[in-house]
Amino acid sequence: MIPDLNSGGAERTTLDVAKAVVEAGGKALVASQGGQMVPELEALGAEHIVLPVKSKNPATLWKNAARLAEIVTTRKVSLLHARSRAPAWSCLWAARRTRTPFVTTYHGTYNQSNALKGWYNSVMARGDAVIANSHFISGLIEDRHPFAKGKITVIQRGSDLKGLLPDNVSALRLQALKDQWGIPMGRPILLNMARLTAWKGQRVVIEAMALLQDRLPSDPIAILAGDAQGRDGYLAELKKLIADNGLQDKVRIVGHCADVPAAMALADIAIVASVEPEAFGRAAVEAQAARVPVIVSNLGAVPETVLSPPDAAESERTGWRVAPGDPQALADAIVRVLGQDVDEKNKMADRALAHVRQNFSVETMCARTLGVYAGLLGT
C-alpha cells in the first residue's frame, strides 16, 4: 500500500520489493491511486489495484479498510505492508479484521508538532514488524513510539548499483537525455534530482548558482530534475528566483527524469540540498554508485550514506557535507569539487562505490525485507 506511484524513494522501493516477491514465487499486489510507474510495476509481474488510498478523509480510510479486507479474503493475501500513514490506517484495520500479519516501513521523519499528529504518525509504528530505513529513523521511532521497541528492523534502502555504473549506460541513452534537456557542450553539469518541494532545497541550489556567477570559468549549469506533483506555486517561485538572478542560462528545471543512470552519467556533481532531515537519502547513494562526486546537506541519515570528516578520516571520504540551507557553503563546495584533479576524483569515486556496494544494494534490501515477511509468516 502506497499513496501513488509517481516518483520517489518509497515508490521505487515498492517496485523493487514487488519484483523480489514475484521472483521468489509469490504474487505481489500493490494498491495505490496510480501514477506514471504503474506500467513498470506491471511489467515486473506485479498487479496494481486502484484505491483512493492517498485520501486522509476518515470515511474514505474506513471504506478502504473494508475493501482491503475483502481483497485479503478473496485473494488469500498472506501479509499487508504499508509505506505511508493514510493507507497504513486502512491496512491496520483490515489486518486486524482478517488476522493478517501487518508490516510498516517508516519512510520519513513526519511532522509531529502536536499530540494529534503524534497519534496519526503512530500507525507507522503499529505493524507486527516495523522497518526503519536508516538507523537515524530507528532512533526516531524509539523516541516517539516506545511501544515499538523490539519490533524494529533497520533495512536501509537499496539501489540497482550495477545499472548505475556509467559503463552500463549507452551512448544512445546519454544523447537522448542531452537532447531532451538541451545540454550545451563543454559545461559542467550539477544535478539536483529530487521532487520539487520546498524541503528538498531547490532554492538553495539556485541561490548558490547566483553566487557562482563569474567565479568559475567552466560556467556550470544546474539541472533541477524532479516532478512538481501539483505544487504549481512552488514551481512558479523557483522560476521567478531563476529570472530575478539572471540565471536562465545557468539553471534548468526539466521535470521528472525516468532514466536516473543516464542523468548521473551526464553529471559532474550530484547535489542533495535538503533543508530538513532525509530519512535515508537515496539520491546520495545513487550518485556514489554512479561514481559521481556528491555534495549533501549534513542532516538526518547522511552520516550513514556519505562518509566525511569528522565522522570518518579524510582518507575515507566518499563525498562532501555542507550546512543545510547555506548557499555560500554549497557554492564553496562546488568550487572545491570542480577543482579536484583527476587522480583525487578517481580515488574518491572508488571509495564511494565500495561503500555503497557493501551497504546499499537492492539485493540486500529485498532479501532482508523478505526475511521480515518470512519471520511473520513462519516460513
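Residues numbered from 1 in each chain as written. Predicted model: local features only at pLDDT ≥ 70, side-chain atom pairs only at ≥ 80, totals over all residues. Heavy atoms only, no water.

The residue after Pro309, namely Pro310, is reached through a cis peptide bond having omega 5 degrees. One can find Pro310 in the loop between helix 13 (302-305) and strand 12 (320-322). We note that Arg99 has phi near 55 degrees; this positive angle belongs to a residue other than glycine. Examined against the element boundaries, Arg99 turns out to sit in the loop between helix 4 (85-98) and strand 4 (102-106). You can call Arg99 exposed: its relative accessible area is 80%. Of note in this structure, Gln229 is not a glycine but carries a positive phi near 50 degrees. Structurally, Gln229 is set in the loop between strand 8 (221-225) and helix 10 (232-244). (Helix = DSSP H or I, 4+ residues; strand = E, 2+ residues; numbered from the N terminus. Buried < 20%, exposed > 50% of the residue type's maximum accessible area, 1.4 Å probe, protein only.)

With that settled, consider the sheet that holds strand 4. If you walk across this open sheet you meet the four strands as 3-4-5-6, and the pairing is parallel. Edge positions in the sheet fall to strand 3 (80-82) and strand 6 (152-154), since each has one partner strand and no second. Along the sheet, successive strands turn relative to each other by an average axial angle of 25 degrees, direction set aside. Where strand 5 (residues 129-132) and strand 6 come together, three bridges link them in parallel fashion. For Ala132, the partnering residue across the bridge sits in strand 6 and is Val154. (Pairing = 2+ DSSP bridges. Axes fitted to C-alpha atoms, helices over the stretch in contact; angles between N-to-C directions.)

As a further point, take the environment of Pro261. For Pro261, the position within the fold is in helix 11 (residues 260-266). For Pro261, a relative accessible area of 17% gives the class buried. Not counting the four nearest positions on each side in its chain, Pro261 is found in contact with Gly163, Leu164, Val169 and Arg173. (Contact = heavy atoms within 4.5 Å.)

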